[in-house]
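Reading the structure
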Amino acid sequence: GGIITQTPKFLIGQEGQKLTLKCQQNFNHDTMYWYRQDSGKGLRLIYYSITENDLQKGDLSEGYDASREKKSSFSLTVTSAQKNEMAVFLCASTGQGADTEVFFGKGTRLTVV
Amino acid sequence: QQQVRQSPQSLTVWEGETAILNCSYEDSTFNYFPWYQQFPGEGPALLISISSVSDKKEDGRFTIFFNKREKKLSLHITDSQPGDSATYFCAARNTGGADRLTFGKGTQLIIQP
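Read on for a plain summary of the structure.

**Quick look at the overall build of chain B**
If you tally the helices and strands in chain B, you get zero helices and eleven strands. Put simply, chain B has 113 residues, and 44% of those count as buried. Taking contacts inside chain B between residues at least 6 apart in sequence as the whole, the part at least 24 apart equals 54%. Counting every atom, chain B has about 5,400 Å² of accessible surface; 45% of that belongs to carbon and sulfur. On chain B, the mean spot of the 11 positive side-chain charges and the mean spot of the 12 negative ones are 10 Å from each other.

Okay, structure coming up:
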């Protein structure tokens, strides 16, 4: 089995600050995702990457940057934290092929003060 | 436009009863439908999934019923247990297209002992 590790688990930032969230997976999966989870709004896709150095925008990419430096890691940067961005950010990964399972990390909870 | 809709937003049933969670979708190219279960403080985890070639998928107490013509599916949890209390997300994917899952907003299920 594998695991997805997200760091940090809790992140407190100042409004306007640039903040980086990190994700590592040891499944050897090709595709990785960043989702944002707001209470009552489900999961919304921010960015995803189908291979190393690839980046694809999701539905919520404005205000974020992402980087897939190597196959096992995918980082997300909040370019200028806003108070309405308090949410849980979930990293996920999946292998190739139809119907393959998407695995999630435990999330990073962001609070902007 | 919301691609995947779930109802109800919240559901409370007594222990031993059957809980029914509903999901509908817009995009007729979606052909893979996983249901995820999420406990507080954890990431979502795959519970059960179905592809569009089937109309029913069963795994223990969990069953998905799928109606392709109406673009609807439902998750039935029989003999509900307090440990089933969680948030359940319906998701959809086009396995021949972009490698992304689209999620509903979730149903919060509470099982009363």
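Right, picking up where we left off after that structure.
**Some words on the packing of aromatic side chains**
A full pass over the atoms with the stated rule returns 14 aromatic pairs over all chains. With a centroid separation of 6.2 Å and an interplanar angle of 55°, the aromatic rings of B:Tyr25 and B:Phe30 are classed as tilted. Just as B:Tyr25 is buried, B:Phe30 falls in that class too. Aromatic ring contacts, followed pair by pair, group A:Tyr33, A:Tyr35, A:Tyr48, A:Phe104, B:Tyr36, B:Phe89 and B:Phe103 into a single cluster.

**Some thoughts on the pairing of strand β9 (residues 87–94) of chain A**
Residues and elements named next belong to chain A. Of all eight residues making up β9, eight are buried, and the element is well covered by its neighbours. In β9, alternate side chains face the same way, and those of Ala 87, Phe 89, Cys 91 and Ser 93 on one face and Val 88, Leu 90, Ala 92 and Thr 94 on the other are all buried. With seven bridges connecting them, strand β4 (residues 31–38) and β9 associate as antiparallel partners. Each residue of the ladder has a partner; that of Met 32, found in β9, is Ser 93.

**A short note on the nonpolar core**
Residue and element names in this part refer to chain B. Trp 35, Leu 73, Leu 75 and Tyr 88 are the most contacted members of the largest nonpolar core, which totals 25 residues. Of all elements in the fold, only β2 (10–14), β3 (19–25), β4 (32–38), β5 (45–51), β7 (62–67), β8 (72–77), β9 (86–92) and β11 (107–112) reach the threshold of two or more residues within this core. If we skip the residues at most four places from it in the chain, Leu 75 touches Ala 19, Ile 20, Leu 21, Trp 35, Leu 47, Ile 48, Phe 62, Thr 63, Ile 64 and Tyr 88.

**Considering the interface of chain B and chain A**
The interface of chain B with chain A comprises 19 residues on the first partner and 26 residues on the second. For the pair chain B and chain A, the two sides together bury roughly 1,800 Å², of which 50% comes from carbon and sulfur. Across the contact surface, chain B and chain A share two salt bridges. Taken together, the connections running from chain B to chain A amount to four residue pairs in polar contact (both at pLDDT 80 or more). A per-element tally of the side of chain B that touches chain A places β4(B) first, with three residues. Of the residues that constitute the side of chain B that touches chain A, the class distribution is eight nonpolar, six polar and five charged.

**Some points on unusual backbone geometry**
Negative phi characterises most residues that are not glycine, and trans characterises most peptide bonds. A cis amide bond, omega -10°, links A:Thr7 with the succeeding residue A:Pro8. Relative to the helices and strands, A:Pro8 is located in the loop between β1 (4–7) and β2 (10–13). A cis amide bond links B:Ser7 to the next residue, B:Pro8, at an omega of -10°. Among the structural elements, B:Pro8 can be located in the loop between β1 (4–7) and β2. Within the chain, A:Asn28 stands out as a residue other than glycine whose phi angle is a positive 65°. Among the structural elements, A:Asn28 can be located in the loop between β3 (19–25) and β4.

How each quantity is defined
Residues numbered from 1 in each chain as written. Chains lettered and ligands numbered in written order. Predicted model: local features only at pLDDT ≥ 70, side-chain atom pairs only at ≥ 80, totals over all residues. Heavy atoms only, no water. Helix = DSSP H or I, 4+ residues; strand = E, 2+ residues; numbered from the N terminus. Buried < 20%, exposed > 50% of the residue type's maximum accessible area, 1.4 Å probe, protein only. Contact = heavy atoms within 4.5 Å. Areas by Shrake-Rupley, 256 points an atom, 1.4 Å probe, with all protein chains shown as cover. Lys, Arg positive; Asp, Glu negative; His and termini not counted. Charge placed at Lys NZ, Arg CZ, Asp CG, Glu CD. Phe/Tyr/Trp six-rings, centres within 6.5 Å; stacked < 30°, edge-to-face > 60°. Pairing = 2+ DSSP bridges. Core = buried A, V, L, I, M, F, W, Y, C linked by side-chain atoms within 4.5 Å. Buried area = accessible area lost by both parts, 1.4 Å probe. Salt bridge = Lys/Arg side-chain N within 4 Å of Asp/Glu carboxyl O. Polar contact = N/O pair within 3.5 Å; in protein donor to acceptor, adjacent residues only side chain to side chain. Nonpolar A, V, L, I, M, F, W, Y, C, P; charged D, E, K, R; others polar.

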